[in-house]
Amino acid sequence: MYTNVWVKYLPVLRIVLKRSLTAEQKFALNASDFVRAGYNRKSGYKFLIKLKEGRLNNVLVDMPVASTLSSTLLSDEAIKEILKEEEFHISMNTKYELTIKHIPQYKNSEETVNAETV
């Protein structure tokens, strides 16, 4: 149902996802896109998607807006490449603002010590 909405934003999502590697990114979505897609929710949609190492890391069964976004992202080759070894949290608030936050991955200290001694 929301696939067309997210496909429309896909080029922007690619750019914002890359930028989020250095700083948290926010951008406003057009509420009328969601109204045209089917539901008229004046309160907007609120969700959190956790993507880690190219996979969805939380359950989105009751949130078609979020599950459609995650499947759209994971089906795009360019985005899949960015997500491959990183963790991102993507959230949307009731004002149709999408926030993309990169969660840095730290190697545990034992792996780092072993890597340095080799």
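Residues numbered from 1 in each chain as written. Predicted model: local features only at pLDDT ≥ 70, side-chain atom pairs only at ≥ 80, totals over all residues. Heavy atoms only, no water.

1. Re unusual backbone geometry
Which entries qualify depends on this criterion: Relative accessible area decides the class of each residue, using a 1.4 Å probe on protein chains only: under 20% of the type maximum gives buried, over 50% gives exposed, and in between gives partly exposed. Numbered from the N terminus, helices here are DSSP runs of H or I no shorter than four residues, and strands are runs of E no shorter than two.
Phi angles above zero are rare outside glycine, and Glu-53 is one such case at about 50°. A relative accessible area of 51% places Glu-53 in the exposed class. Phi at Tyr-96 is positive, roughly 60°, even though this residue is not glycine. As for its position among the elements, Tyr-96 is in the loop between strand 4 (87-92) and strand 5 (97-103).

2. What about helix 1 (residues 3-19)?
Note the threshold: Multiplying one less than the number of residues by 1.5 Å gives the expected span of a helix. Take the seven residues that end at a residue and the seven that start at it, fit an axis to each, and the angle between those axes is the bend at that residue.
Taking 1.5 Å per residue, 17 residues should reach 24 Å; helix 1 reaches 23 Å between its end C-alpha atoms and fits that length. At Leu-10, helix 1 shows its largest bend, some 55°, and a proline, Pro-11, comes one to four positions later. Among all positions in helix 1, only Val-5, Trp-6, Tyr-9, Leu-10, Leu-13, Val-16 and Leu-17 are buried.

3. Describing the pairing of strand 2 (residues 47-52)
The line we're drawing: Note: two strands are recorded as paired if DSSP finds a minimum of 2 bridges between them.
The alternating pattern of strand 2 places Phe-47, Ile-49 and Leu-51 on a buried face, while none of Leu-48, Lys-50 and Lys-52, on the opposite face, is buried. Sheet analysis places strand 2 next to strand 4, joined by 6 bridges and oriented antiparallel. In the strand pairing of strand 4, Phe-47 is matched with Met-92. What sits between the antiparallel neighbours strand 2 and strand 3 (residues 55-56) is a turn of 2 residues, in which Glu-53 has the positive phi angle 50°.

4. Here's the deal with the nonpolar core
Quick note on the threshold: Put simply, a nonpolar core is a bunch of buried Ala, Val, Leu, Ile, Met, Phe, Trp, Tyr and Cys residues held in one set by side-chain atoms that sit within 4.5 Å of each other.
Formed by 28 residues in total, the largest nonpolar core has its most connected members in Trp-6, Leu-13, Phe-34, Met-92 and Leu-98. Residue assignment for this core shows that the elements contributing at least two residues are helix 1, strand 2, helix 3 (64-75), helix 4 (77-83), strand 4 and strand 5. Among the elements that line this core, the one with the most residues is helix 1, at 7 residues.

5. Here we look at the pattern of salt bridges
Selection criterion: Here, a salt bridge means any side-chain nitrogen of Lys or Arg that lies within 4 Å of a carboxyl oxygen of Asp or Glu.
Applying the stated criterion across every chain, the model contains 5 salt bridges. As a salt-bridge pair, Lys-80 and Glu-77 come within 3.4 Å of each other at their nearest N and O atoms. Taken together, the positions of Lys-80 and Glu-77, both in helix 4 and 3 residues apart, correspond to about one turn of that helix. The partner of Glu-81 in a salt bridge is Lys-84, and the shortest N-O contact between them spans 2.9 Å. A network of salt bridges, in which partner residues are shared, links Lys-8, Asp-33 and Arg-36.

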